[in-house]
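Fold and contact review
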Protein chains: 2
Amino acid sequence: MDTFYCSEIKVGLCHLPEGESHHAARVLRKRQGQSARLIDGNGMVATGTFEEIHKKNCVVRIQNITNHPPNKSFLHIAIAPTKNLDRTEWFLEKSTELGIQQITPILCKHSERKVVRKDRLQKVIMAATKQSMSAFLPTLDDLTPFAHLLDGLTTKYDQRFIAYCGDGPTIDISAIPKHDTKTIVLIGPEGDFSKEEYQLALDKGFVGLTLGKSRLRTETAGIYVAAAFRTAQ
Amino acid sequence: MDTFYCSEIKVGLCHLPEGESHHAARVLRKRQGQSARLIDGNGMVATGTFEEIHKKNCVVRIQNITNHPPNKSFLHIAIAPTKNLDRTEWFLEKSTELGIQQITPILCKHSERKVVRKDRLQKVIMAATKQSMSAFLPTLDDLTPFAHLLDGLTTKYDQRFIAYCGDGPTIDISAIPKHDTKTIVLIGPEGDFSKEEYQLALDKGFVGLTLGKSRLRTETAGIYVAAAFRTAQ
């Protein structure tokens, strides 16, 4: 059964948004009476059948709704997009499959990539959410300058980490709590964070995090952190 | 400092193999006197300087050799190559960065991809080993039919797992020992293992393994298992 996104799932008739309607009608060539699985990205999963097919407005009659409770842990990764954007897209796909909750692309001093197309990244996340049969769509933020991110953090995190390869006090990822915690991890660009950025994070209560012995690429570091927290789900 | 592969590292002069010599001379345009880092893929890491540059035979004078002890854990993943080979190459790159020891591409009943170019996959593993500054090159086996793999297992594993999405007794990856163990994990193609393959593995002492709540793609399952064992390194 194919999965479609619909922000408002309710008993009765649900109207798919235009992009999803086009996908259902023109790409998957759905017909009246065929089954559909709907997610609102926020825990609600419904099944039903297509009542109307139109490239701009498909209607699904809902037969069953399940509301999934959110994960007890919350993982937010703020990561510098890679020069080769494919690598960032792989991180988005894999971390979504693995169950991350929030992703912020960040702009750092050593960033080689200074622009991203958010709509393109959002599509990767949406496809991975559907593919993995998850009920939750991770939040994707706008590209944010490093200092703005730190200044603007309003969420109360239980722990804040910065993955940094330079000198400084660090804790290994195997040693940090992963169950029932709200965690933010900062991952820098190919050239790592600058010393000033690292210091700024320390000043904001972040702790240095090491990710094992061998050197990891930016996107691998991100996937590895997401995997470590999935194990704890 | 760039890293080069050399199967025989010894005090004195080391001759790089032809492919590595070409890479040093023609791609990286190394000059006499420049530094080089050599790995034999088996724990030996050396540093030295280029003594001779030739596209077919570069010579490095070794100044320092370190012999790294192998990891206490040993992870072998046997995985069905994906229809889209890019995904398998991503698995190879990421699992190598994360520190896997052995990879066997397997041919299963539901495999959509029935051929792989081993030389191409080997290049991905070599590049990832150098990139991650690791001293160990994972072993890449030939594409092996599923039943042959099970029949031919001569290594003594402490634990044997098959990641299977169908019904049957399973243990969650978070619950298995990862320190100081020799482990093999089988990961099937997009259409999963067949019931007969699953039963065959059970008969050979394998135990079903679950990889968390949401569904993972083949290559993500592989990366996730490699990540779980890295955390234990």
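Preceding block: the structure.
Below or above, wherever it landed, is the structure these notes cover. (Residues numbered from 1 in each chain as written. Chains lettered and ligands numbered in written order. Predicted model: local features only at pLDDT ≥ 70, side-chain atom pairs only at ≥ 80, totals over all residues. Heavy atoms only, no water.)

Moving on to the sheet that holds strand E4 (residues 44-52) of chain B. All names here are of chain B. Taken in spatial order, the 5 strands line up as E1-E3-E4-E5-E2 in an open sheet, and their pairing is mixed. The sheet terminates laterally at strand E1 (3-5) and strand E2 (12-15), the two strands that pair on one side only. For this sheet, the mean inter-axis angle between neighbouring strands, taken without regard to orientation, is 45°. Pairing analysis gives 8 bridges linking E4 to strand E5 (residues 59-67), with the strands arranged antiparallel. Of the residues in E5, the one forming a bridge with Met44 is Asn67. Those strands touched by helix H1 (residues 18-27) are E1 and E4, and its axis lies near 155° from that of E1. (Pairing = 2+ DSSP bridges. Helix = DSSP H or I, 4+ residues; strand = E, 2+ residues; numbered from the N terminus. Axes fitted to C-alpha atoms, helices over the stretch in contact; angles between N-to-C directions. Contact = heavy atoms within 4.5 Å.)

Below, the discussion takes up the packing of helix H2 (residues 85-98) of chain A against helix H2 (residues 85-98) of chain B. Packing of H2(A) against H2(B) brings their axes to within 13 Å, and their N-to-C directions diverge by 85°. Accordingly, the angle class assigned to the pair H2(A) and H2(B) is roughly perpendicular. Here A:Asp86, A:Arg87, A:Trp90, A:Glu93 and A:Lys94 of H2(A) come into contact with H2(B), specifically with B:Arg87, B:Trp90, B:Glu93 and B:Lys94. Of the residues in the contact of H2(A) with H2(B), the class split is 2 nonpolar, no polar and 7 charged. (Parallel < 35°, antiparallel > 145°, perpendicular 65-115°, else oblique. Nonpolar A, V, L, I, M, F, W, Y, C, P; charged D, E, K, R; others polar.)

A separate point is the interface of chain A and chain B. Each partner contributes residues to the interface: chain A has 28 residues there, and chain B has 27 residues. Between chain A and chain B, a total of about 2,700 Å² is buried, with carbon and sulfur atoms accounting for 52% of that surface. Considering only the side of chain A, the residues that lose the most area to chain B are A:Trp90, A:Arg215 and A:Arg230, jointly responsible for 24% of the buried surface there. Remark: the boundary between chain A and chain B carries 6 salt bridges. Across the pair B:Glu219 and A:Lys94 runs a salt bridge whose closest N-O atoms are separated by 2.7 Å. Scanning the region where chain A abuts chain B turns up 24 residue pairs in polar contact (both at pLDDT 80 or more). No other element matches the 7 residues that H2(A) contributes to the side of chain A that touches chain B. Its residues assigned to classes, the side of chain A that touches chain B shows 8 nonpolar, 9 polar and 11 charged. (Buried area = accessible area lost by both parts, 1.4 Å probe. Salt bridge = Lys/Arg side-chain N within 4 Å of Asp/Glu carboxyl O. Polar contact = N/O pair within 3.5 Å; in protein donor to acceptor, adjacent residues only side chain to side chain.)

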